[in-house]
Every structure is written in structure tokens, then in C-alpha cells.
Amino acid sequence: MSRPRAALLAAVLLLAGAWLFFSPASEDSTRSSTTSSGEGKTTTRSPSLRPTPEAERALRDSTAEQTIENDWTDLLAWLDSEPKPSSKEIRERLLALRVSWTEKDLQVLANALTRLLESGEDRNLGLAFRVGPHGFLQSWPTLRVFLLDVLAASDPELAAATARSVIAKTDSADEFAVSLRSLTRKGLARASDEELLTHFKTLLGRSEWKNSGGFGEAFDLPRLLGTTAAAEALARWEGNPKLRNRALDEFSADHPAEGIALVQADTPLEPAARAMLMARADPADAAQLAAVDQYLRDPLRQAGEINAFLESFPLRSATTGYRLYGKHPAPYTFETITAGDRAALQQVTRWMEDPALEAHRGELASLKERLEEWVNQAR
Amino acid sequence: MKIVKIPVVGVLVLASIATASAKPKSKTTTPEKVADSQIKEDPYRFNGAVTSGEARGSGFCAWNRRTFFSAAHVVFDDDEMVWKSPPKWHPQAHANKLDRKAAIQSRGFFRWTNYAEIVEEEDAINGKAFGRDFIIGFSFTNLTSGSAARINMSGSADLKKPVRSMMTGYPARIAYSDQPIGGFFMYRTGPSLNTYNTYSGSALETTLISTGPGNSGGPIWTDGGTAGWSAAGVVVGGLPSETIVYAFSSELNTMLDAVSPVVKAGVPQSVNSNSVSSTSRFFSSNRKQQLPDGVHQWTDYPLNVSGFEKDAKVESVKVSVKVKTTHQGDLQVLLTGPGGVQALVHNQEGGGKRNLIINSKDLSEFFEDVDLEGRWTVRFQDRLKGDICTVESVVLELTSVPGQASSGGTEP
């Protein structure tokens, strides 16, 4: 080995030894050893020539935490600076920051984010609440919403624990909604359906949140749960009818039987919304088809509602997009639609021959024509 | 092909061809009728009229022979919130009246929504209605002869540059001159060099281009040179001298994911029209590491992924792990992709069983549209005390899908 290289190696070893001797990690291990002896003896430190894996990790974590804290301090200063950064600049910086942070050790990130959230520091960013791919946000109204969003990309259990804490205390619909997401993820952190429904009902009860983007996006939760109880909570909510009916429609596209159950239970619904729930029925399912038959013959149904039903049955158009909790809706397949169309055509042919349904003959004829074309197309 | 003059935008580039036009100079590019002889040529043959009840609009068959695009406001009334019978598709219409025999009854359509905008409507955010005002209709029969038009998934980025673009469709009126157009005749607006700016959501706007009512739902094409025209977006609105389009980007994949199971069952072959094949790469670690016993703390195996094409997205993700242990049930394994997207690989299953060996577990569904390049991390926890767990190897197999023009398969 050449002399300069040997000198360099010696210097590195000396520095490593000195660092280990004074580092918090080595003190921790010393304390641990003393405690276990139970005699309060002073243990002898033995400077090692190589940092232990634990010491290496502690140094790496400490550096990562410091970087996150520096990023945060810089971000606050930048947001407070004059001239104020534009919405576009803020959004782009936060997107870049999320990428940078999620490349760090995720445990360290979770700890750092929890501390930043506990600090109470926040800024209004003037951005809308917008969901992006995989339920992560791509635009955040406040810095705390941003932190909660990134937290969900770190340690799942710590994120869930923090989420419960936020849900219990927050006055922000956006914080509530994004925190709830951490409880919906598959795995050990996933809350029970009962807990999630309780949180959803709490959200529904906060009428002061009605114009918050997060409040709206939380209406994806009943679809994720897929239970009649969740749909009923949604249907009985007396707020924004457009929001309620859109969520009910997306729910019933994924869960048609549960949607029909709402109608059968005489849940209060607008006639058009009820017609759409019934139109989502799967005609290949005998029980659902029987429910549809019963619905069509119900003397309490007005002609306008029945016409709306017959114009869309079996309804296979649908909405989709980025969703906060569940995967983006994709409720239908070629096989399910074509099997349903064949069954529906048989049923409509029977209805056409039934004198009791004479009043709907015109609409039934149009429906039969459409179904015949679809069945032929699918052959 | 006649070229409308553009006195302001792109005048230098188009100067030589602009002099060939016999038309008087116009400040704004306006629609002109497509010649009968061109209707069956690219890109005109992809066009069709779309009708829904009394409403009429334009559309184009793209991505798959059984799918067409149009504007949402043509086929759905957001105020009524009631689904009607699906729209009809009239391929290559070019006459005073629509040919009823040629009409195809579509089976349905998907439209984009988000819940936040519904509650924010009371605040009347300007232009939001145009943000993602488009649909993808689907049918169980082919909507065009030959292949479907290609999608330019970078349409949003491309249209913000000065690219050669053109709109086609079925305007009922030329908005700029308020001149009525009878029947259902195919018109083109352009080609011209234009630069679009962000309007609202994924909608872009530009000035000095005028289409007209009825053109909603028609395509905006970008010129790919020798690759031909590809659909970069959907015309959704405008004023007499302005046009608004929904421009395609990777978010379109969400809609394509919804429609794929409906049309691909009968159209099994998937192709990438720009002939770039998928690429698979392996990333691995053989670092042997004992996990802290019974500690709820992750031990990470970070894998820095690089070497794919720029902007390449995930087509498939497969993970293999080998952990030596006397009890699989102690273990939780998590895969995290760039941006924090996560998927559980193993969740304490296999109580009582020894060594955890997972071979090529397919986790693709959790990572759709995720950027390939960046840091992926396979994370391990030994959550129960008593059994020692040692990670022996980690392998991540990633396959890319090219991010540019794409189609959703054509009939073999």
C-alpha cells in the first residue's frame, strides 16, 4: 500500500472510531449494557474500528431526518417570501418534495412527518383538493393535508395511528378525508368496516364541511365498503343531492344487489335515483331480475320513473376517475354485460306479452330493439 | 389539401403553403368541408357523428375499433343526472341526412367525474365544466373498417408546444361567421400551427381557431410526420374565435382501464402502435440480513431502478423473496414504488410453516401508471418474537410499457 493511501485509511479509521465513541448510538448501547447488569457499574467503552450496522443506520436516519426538517424550513420560508409563489409553482414544488421524501427510509419519514404534524405549523396553499393516481393527492389545500398525504406513503401502521388522532380532533374536512384513507388500505392497518362507517357518518354530520373538496371525495367510501348499511347512510343523508346520487350510482355499479336492497327496503330516494339503482341490476342474477320485475309492476311507481328505468335498463354506462379510497371504478366486463343482455332480452320479451304492462308497450318495444341489436353485436 | 392561412401563429412556417390557398385571408382558422374523396382517408375515416336523443355532436373511433370518443355534454345532462339510452354512432357521416341503417347503437360509455368538483360547484370555479368533459363510448361491433386511430398520450404536453394540429367534426354552424351548415358534413379546422394554454383541469385553450356547435366531441389531431395523425384530445367547447380541448395524458389510462374489460374480451390482441416493445429488467439484492425479532420496525431493501425509456410506465411488477425462518407467520413484506405507492406482498400468512419463498408474485394491479424509474423498496418485518427470520434474497422484475402513442388492439 502506498504511503498516502495508508495515511488516508488511518485517518478514516481514526474518525470512525472517534465518531463511534461519542455518537448517541454507542451511548445507547452502553446504557443498555449497564442496565442489564443491574449494578450501576460503569462499563468500559471499546472504540471499534468499524461502525456497527446499528450505528450506521442511526447516522443515516439522523441525516435523513435533518434533510426533511431542512426541506420543511426552506418550504415555509419560500411560501412566506415576496413575491408569493404561484399556485403552479407551489404544486410543482410539493410534487417534487413528495418524490424526494418518499425515497428516504420510510420509517424515518413517518417519524419526521408525525413530528411536523405535531408542531401545528400550517399554511393555506390556495390549491384545490384533487385526487390523483392510487388515491394520492396531486393538489393540496393546506400544508397539513400535504403532510398527511405523504404520511400515507410511509409506514402504514404509524400513518393509521396518526390518522385516528387527526380524525378525532380535526376541524378540517380535507384532513379528515385524507386521514381516513390510511385506515382503508389493505393490511394490518385497515380499520374494520364498522369503524370506517362510523367515521363516514361523522363526516356526513358536519354540514359546515359541505363545500370542501375532501368532503366530496370521501363519498367514495360507501363503494369501498360495499355494504347496504353504507349505502343506506349515504341515501338517508339530506345534503347535496347531486353528490349523494352520484355516489349512490357509483356504489350500485359495483354493488347492484345492495343497491336494489335499498329500494326494496323503501329507503327514501328520489324517483330518478331509484330508477337508476334498479337499472343497474344484473339480469343474469335471478334474484335481481325478480326484484326488477316486482319494481316494474309496483303500482306506486309513476310513469316518469318507469320510463327513466326502461330507457336505461340494463344500465352499463358509468363514471370513473381517480378515487380517494377504492380503485378507480371499472365495474363491467364483456362477459357480464352480454350475459345480462341475453337474460334481459328474454325478460323484456315476456313483459311485451304481458297485458298488465300494456301501458309501457312503447318503451318496452324500444328497449327490446336495443337489446336485440346488442345481443346480435355480441355474437 | 387546402391550407387555411394563419396570419399570426406560424405564419413563417406555413408561408409557402399558405400562398397556395385560394381563400381570402382570415384572422381565424375556420372549418372547411372535407372533400368527398377524402372521407375514407386517414384521419377522416375515424370520424363519425354522435347522436343522443335530440342532441348531436362529433366523435372519433380511436384506441380500439370498438371504442369512440366524444364530449360528455353531448350525451349526458349533468343537471338531470339521469342516464339515458346510450348514444348512436354514425361512421363517416357525410350527407344531408344520417343513414339510419349505418347507425350503430353503442352499448354504453364511461365518463370522467370527481366528487370534489360537485361540492365546489357552488363556488362556481370558472371553466371547471370543461376540465374533463369527454367520454369513451363502447360497442360490441367494430366502429370503423381498418384500424382505429392512434392516441397521442402526450397530447397535453405536445399541444402546449407549437405543433401542427387539426380538428375534424360535424359543426352545425361556423361559429366565427355565424354561418349555418346544413346536414351532417365532415369539416376540418386546420391544419395549423398553434400553441395551447391550460384552461381548466386537463382542458387547454387557444385563440384564432374557431369551430362551432356540433363539433364538440370531435378530435384534435397532432401531426406525427411519417407516423401520421394521432388523436391528441377532444374538442369540448369554444367561443367564436377560441377553442377548448380536453388534451390526453396518462390520466386517460383510468378511463381506458374501465373500458378495457368491456371491449378487449372480443378483441384479445393488444399492440403498441409505435412499435416499441415492452422491456423487462431485474433488480436484485442478495444481502443476507437477520430481521429484528418481534420488532415492529421495517428492514428495507432499497432498489434504485433506472435504465428504462424516459417516462416509461409500469406494465408489470413481479417480486420474488426468500426468507429463512422457522415460522412464516411472523413475517410481513411490503413493496413500495416511486411516489409511495404500496402493495402487501405477504401479510403473516402461513402460520406454522417454515421458510418464506415467493416466486414472481404479480403485483402489477397495484402499480398501474407508476413511473418505473426511481426508488423501489422491499420492506420486511418480523412481527412476532421467538423465531429468527433472515432475508436471503430479493428480486424485483419490472416491465415497461412505452408512454407514447398507443392503441388498444385491433382485430387480428
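This structure is a prediction, so every number in the text was calculated from the model and none was measured. (Residues numbered from 1 in each chain as written. Chains lettered and ligands numbered in written order. Predicted model: local features only at pLDDT ≥ 70, side-chain atom pairs only at ≥ 80, totals over all residues. Heavy atoms only, no water.)

> Sorry if this is basic, but what is going on with the overall build of chain B here?
When you go through chain B residue by residue, the secondary structure sums to five helices and 26 strands. Considering chain B as a whole, with its 412 residues, one finds that 58% of them fall into the buried category. Carbon and sulfur atoms make up 49% of the accessible area of chain B, which amounts to about 16200 Å² in all. (Helix = DSSP H or I, 4+ residues; strand = E, 2+ residues; numbered from the N terminus. Buried < 20%, exposed > 50% of the residue type's maximum accessible area, 1.4 Å probe, protein only. Areas by Shrake-Rupley, 256 points an atom, 1.4 Å probe, with all protein chains shown as cover.)

> What's the story with the overall build of chain A in this structure? I'm lost.
Looking only at helices and strands, chain A features 19 helices and three strands. Classification of the 379 residues of chain A by burial places 51% in the buried group. Partitioning the intrachain contacts of chain A with sequence separation of at least 6 by distance along the chain shows that 65% fall at a separation of at least 24. Put simply, chain A shows about 17200 Å² of open surface, and 54% of that area lies on carbon and sulfur atoms. (Contact = heavy atoms within 4.5 Å.)

> Looking at this structure, I do not really get the sheet that holds strand β2 (residues 47-52) of chain B. What am I missing?
Across a sheet, paired strands are connected by hydrogen bonds in the backbone, their directions being either parallel or antiparallel. Taking strand neighbours across the sheet as the criterion, the eight strands line up as β3(A)-β7(B)-β8(B)-β4(B)-β3(B)-β2(B)-β5(B)-β6(B) in an open arrangement whose pairing is mixed. Every interior strand has two partners, whereas the edge strands, β3 (318-320) of chain A together with β6 (104-105) of chain B, have only one. Two strands pair when backbone bridges link them, and β2(B) and strand β3 (residues 55-61) of chain B are joined in this way by six bridges, in the antiparallel orientation. Its bridge partner lying in β3(B), B:Gly48 is registered against B:Gly59. (Pairing = 2+ DSSP bridges.)

> I would appreciate a short explanation of the layout of surface pockets in the present structure.
Over the atoms, a rolled probe matching the size of one water molecule traces out where space is still vacant. Taken as a whole, the second largest pocket encloses approximately 880 Å³ of empty space. Elements that contribute at least two residues to the lining of the second largest pocket include exactly α7 (156-169) and α8 (173-184) of chain A together with β22 (331-336) and β23 (342-347) of chain B. Of the residues assigned to the lining of the second largest pocket, the class counts are 16 nonpolar, 13 polar and nine charged. (1 Å grid on protein atoms, 1.4 Å probe; cavity = no way out; pocket = protein on both sides within 12 Å on 5 of 7 lines; lining within 4 Å. Points joined across faces, edges and corners; volume = space filled by probe spheres on them. Nonpolar A, V, L, I, M, F, W, Y, C, P; charged D, E, K, R; others polar.)

> Is there a simple way to think about the interface of chain A and chain B in this case?
Tallying the contact residues gives 71 residues for chain A and 65 residues for chain B. Our count for the chain A to chain B interface comes out at five salt bridges. A salt bridge links A:Arg130 to B:Glu117; the shortest N-O distance between them is 3.8 Å. With seven residues, helix α13 (residues 241-254) of chain A is the single largest residue contributor to the side of chain A that touches chain B. Counted by class, the side of chain A that touches chain B contains 27 nonpolar, 20 polar and 24 charged residues. Taken together, the three bridges between β3(A) and strand β7 (residues 108-112) of chain B define a ladder with parallel strand orientation. Paired with A:Ala318 across the two strands is B:Phe110, which belongs to β7(B). (Salt bridge = Lys/Arg side-chain N within 4 Å of Asp/Glu carboxyl O.)

> Is there a simple way to explain unusual backbone geometry in this structure?
Cis geometry is found at the peptide bond from B:Asp42 to B:Pro43, where omega equals -5°. With respect to the helices and strands, B:Pro43 occurs in the loop between β1 (32-33) and β2. With phi around 55°, A:Asp266 is a residue other than glycine that occupies positive phi space. Here A:Asp266 lies in the loop between α14 (256-264) and α15 (271-279). With a relative accessible area of 61%, A:Asp266 lands in the exposed category.

> What exactly am I supposed to notice about the pairing of β2(B) here?
Each regular strand shows side chains that alternate between the opposite faces of the sheet. Residues and elements named next belong to chain B. By the criterion of burial, β2 is predominantly enclosed, with six of the six residues buried. Residues of β2 alternate between two faces, with Asn47, Ala49 and Thr51 on one and Gly48, Val50 and Ser52 on the opposite face, all of them buried. Two successive antiparallel strands, β2 and β3, enclose a turn made up of two residues, where Gly53 displays a positive phi of approximately 60°. Relative to strand β5 (residues 88-91), β2 is paired through four bridges, and the arrangement is antiparallel. Its bridge partner lying in β5, Ala49 is registered against His90.

> Which parts of the structure should I look at to understand the pattern of salt bridges?
Side-chain pairs of opposite charge can arise where the charged atoms are in close proximity. Residues and elements named next belong to chain A. Under the counting rule described, the total for this entry stands at 35 salt bridges over all chains. Its salt-bridge partner being Glu195, residue Arg164 comes within 2.9 Å of it at the nearest N-O pair. With a gap of 31 residues between them, Arg164 in helix α7 and Glu195 in helix α9 (residues 193-204) connect regions that are remote in the sequence. For Arg164, a relative accessible area of 36% puts it in the partly exposed group. Among the salt bridges present, the one from Asp220 reaches Arg223, with a minimum N-O distance of 2.8 Å.

> Help me out: how do you make sense of the nonpolar core in this one?
Formed by 160 residues in total, the largest nonpolar core has its most connected members in A:Trp101, A:Phe219, A:Phe309, B:Phe69 and B:Leu252. Among the nonpolar cores identified, the runner-up in size contains 35 residues, and B:Leu291, B:Val317, B:Val321 and B:Phe380 belong to it. (Core = buried A, V, L, I, M, F, W, Y, C linked by side-chain atoms within 4.5 Å.)

> Looking at this structure, I do not really get the packing of aromatic side chains. What am I missing?
Centre-to-centre distance and the angle between the planes together describe a pair of aromatic rings. The final tally for this structure, using the stated rule, is 25 aromatic pairs over all chains. Ring geometry for A:Phe200 and A:Phe219: centres 5.6 Å apart, planes at 75°, overall edge-to-face. Here A:Phe219 lies in the loop between α10 (213-217) and α11 (221-225) and A:Phe200 lies in helix α9, a separation of 19 residues in the sequence. Each member of the pair A:Phe200 and A:Phe219 is classed as buried. The rings of B:Phe46, B:Phe60, B:Phe69, B:Phe134, B:Trp221, B:Tyr246 and B:Phe248 are connected pair by pair, giving a single aromatic cluster. Its guanidinium or amino end placed over the ring of B:Phe185, B:Lys33 lies 4.0 Å from that ring's centre, counting from NZ or CZ. Against the face of B:Phe184 rests B:Arg56, its NZ or CZ located 3.9 Å from the ring centre. (Phe/Tyr/Trp six-rings, centres within 6.5 Å; stacked < 30°, edge-to-face > 60°. Lys NZ or Arg CZ within 6 Å of the ring centre and 35° of its normal.)

> Hey, could you run me through the sheet that holds strand β13 (residues 197-200) of chain B in this one?
All names here are of chain B. Strand order in the open sheet made by the eight strands is β1-β12-β9-β15-β16-β17-β14-β13, with antiparallel pairing throughout. What marks the edges here is a single partner per strand, and that holds for β1 and β13. Relative to strand β12 (residues 187-194), strand β9 (residues 163-169) runs antiparallel, the two sharing six bridges. Looking at the pairing, Ser165 lines up with Ser192 of β12.

> Explain a positive patch on the surface to me, please; I cannot follow it from the model alone.
A cluster of like positive charges, contributed by B:Lys288, B:Lys322, B:Lys324 and B:Arg354, occupies part of the molecular surface. Considering the arrangement of structural elements, one finds B:Lys324 in strand β21 (residues 313-325). (Patch = residues over 30% accessible without salt bridge, like charges linked within 9 Å, V, L, I, M, F, W, Y side chains within 5 Å. Lys, Arg positive; Asp, Glu negative; His and termini not counted. Charge placed at Lys NZ, Arg CZ, Asp CG, Glu CD.)

> Would you take a moment to explain the confidence of the model for chain B for this structure?
When pLDDT drops low, the exact placement of atoms in the prediction is not to be read closely. Residues and elements named next belong to chain B. For chain B, the mean per-residue pLDDT works out to 82, and 85% of the residues sit at or above 70. For the stretch residues 1-23, pLDDT sits under 50, and the model shows 33 contacts to residues farther than four places along the chain or on other chains. Segment residues 265-276: pLDDT under 50, and 29 contacts once partners within four positions in sequence are set aside and those in other chains are kept. For this predicted complex, the interface confidence comes out at an ipTM of 0.85, alongside a pTM of 0.82. (pLDDT = per-residue confidence, 0-100.)

> How do you make sense of the domain arrangement of chain B when you look at a structure like this?
Frequently, the measure chosen for interface size is the accessible area that the parts lose on association. In terms of domains, chain B is made up of domain 1 (11-263) and domain 2 (279-400). Distance between the C-alpha centres of domain 1 of chain B and domain 2 of chain B: 44 Å. (Domains from an automatic or database assignment.)

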